[in-house]
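# A closer look at the structure
Below, each chain spelled out in residue letters.
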Amino acid sequence: MRTTLRARTALGIATISSVALIASGCATDGGNGGEGGDITLTIATFNDFGYTDELLKEYEAANPGIKIVHNRAATSNDARANFFQKLGAGSGLADVEAIEVDWLPEMMQYSDKLFDLSDPSVEGRWLDWKTAAATDADGRLVGYGTDIGPEAICYRADLFAEAGLPTDRAEVAALLEGDWDRYFEVGQQYVDKTGKAWFDSAGATYQGMSNQFTNFYEENDGTVIATENPDVEETFRSVLEASATLSAKLGQWSDDWFGALSTGEYATMLCPGWMLGVISGNAADTTGWDIADVFPGGGGNWGGSYLTVPAQGKNTEEAKKFAAWLTAPEQQIKAFTNAGTFPSQVAAYDDAALTGSINEYFNSAPVGEILANRASAVNPEPPFKGPKYFQINDAAQQALTRVEEGQQTIDQSWEQFVSEVEALG
């Protein structure tokens, strides 16, 4: 679901976690404990999946004897470190573990440590590419898709008005229609008028740009091309050149970034569906946020997640049943209503509860219609993300941050990024 600016320690943790997985060889203790009595099922997520207490109580009410405990990490980085560490140790994971698409390829190397979720009852539930990505070489489905992240542009209509820019979402969409150069061009107009930033950070913008390429860091066979692919360096340099005047330079998920959702330090941000809940949940008393049915360069998908069932659990069958319920179209539409997480279930796309969804916080925007349009604009062939994607992208994000924080020039930071990627082997 939520790709983030990576903490500086994440790369080290990732390496340690992967080594632990390879070396541990720990036996899992699967099975279905708790028979004959009440069963407590734990679920671990991060950020906001839209799984409210009320939604989880629905499952408890429909399944007497089942108690749900929901543990939520603050960021996907925190969840990832915990997931791989405990997967390698052979114990300690929740019955149902949420994982993000950016670390899915790494996880698939250890699919034998996950419970097989294949079941005739869920065949055809998801977009084909969503299911294919979570199916291992033995044909085992090890992840149930939750959301995808079709991207639009969220903007502060009140700040647009101050700059003399249109505020109506259809007019904003027309204003921003075009490529990334157009987005940056309008941004410079805004900055010249107001002296305020146009977008939140280079890292967040780079993420949206990079996700529009089919093979950005790696070829389909896993060959790393990050330092040789001209698209990578061009994207890196272009977003940093724009950042010099357009960015608020606020690292995504930092305290300052969250605070700026209210204070108006920047006027626009890239906005996958799940970002709607992040904005409204952290700037509840702020008016002016809206969403436009447009995205630079056409379409893009940022994020998306899965629910997995670690084989080490004692209640794997019950956990599978619970994960299947949470990822059914009906529940995913409720999650969308709660947090803006756009479903990956094909049956949801014809449901009026989704297509007719209105978000009052975003000036009563028809978010169901807008995000459905944005989803149809996404390249049906998703970006290839191999086992080294997370580490390469983490290095890129840190390189972008070094420049925005004034620690290095663009050239210096690029050279360090190249060295770090080459060191991965």
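Presented here is a report on the structure given in the accompanying data block. Just so we're clear, the structure is a prediction, and the values are computed from it rather than from any experiment.

Attention now goes to the pattern of salt bridges. Scanning the model with the defined rule gives 13 salt bridges in all. Close ionic contact of Asp119 with Lys320 constitutes a salt bridge, the shortest N to O distance being 3.4 Å. With Asp119 in the loop between helix 4 (104-108) and helix 5 (128-133) and Lys320 in helix 13 (residues 316-326), this pair connects stretches of sequence that are 201 residues apart. For Lys320, a relative accessible area of 12% translates into the label buried. With its nearest N and O atoms 3.1 Å apart, the salt bridge here joins Arg182 to Glu185. Within this pair, Arg182 and its partner Glu185 are both found in helix 8 (residues 180-194), separated by three residues, close to a single helical turn. Classification of Arg182 as partly exposed rests on a relative accessible area of 24%. Classification of Glu185 as partly exposed rests on a relative accessible area of 42%. Where salt bridges share partners, they join Glu233, Arg237 and Asp411 into one cluster.

On to the pairing of strand 3 (residues 96-100), then. Burial within strand 3 is extensive, with five of its five residues counted as buried. Side chains Val96, Ala98 and Glu100 of strand 3 all project onto a buried face; the interleaved residues Glu97 and Ile99 project onto the opposite face, where all are buried too. In the sheet, strand 1 (residues 39-46) pairs with strand 3 via two bridges, with the strands oriented parallel. Pairing of Ala44 across the sheet is with Glu97, part of strand 3. In terms of strand pairing, strand 3 meets strand 7 (residues 301-308) through four bridges, oriented antiparallel. Note on strand 7: the bridge partner recorded for Glu97 is Thr308.

Among the nine residues that make up helix 9 (residues 202-210), nine are buried, leaving the element largely enclosed by the rest of the structure. Elements in contact with the buried residues of helix 9: strand 4 (144-156), helix 8, helix 10 (230-246), strand 5 (268-272), strand 7 and helix 17 (389-404).

It is worth spelling out unusual backbone geometry at this point. Of note, the phi angle at Asn47 is positive, near 50°, even though the residue is not glycine. Here Trp253, not a glycine, exhibits a phi torsion of approximately 80°, which is positive. Along the chain, Trp253 turns up in the loop between helix 10 and helix 11 (255-263). Using a relative accessible area of 12% as the deciding quantity, one classes Trp253 as buried.

Conventions we followed
- Residues numbered from 1 in each chain as written.
- Predicted model: local features only at pLDDT ≥ 70, side-chain atom pairs only at ≥ 80, totals over all residues.
- Heavy atoms only, no water.
- Salt bridge = Lys/Arg side-chain N within 4 Å of Asp/Glu carboxyl O.
- Helix = DSSP H or I, 4+ residues; strand = E, 2+ residues; numbered from the N terminus.
- Buried < 20%, exposed > 50% of the residue type's maximum accessible area, 1.4 Å probe, protein only.
- Pairing = 2+ DSSP bridges.
- Contact = heavy atoms within 4.5 Å.

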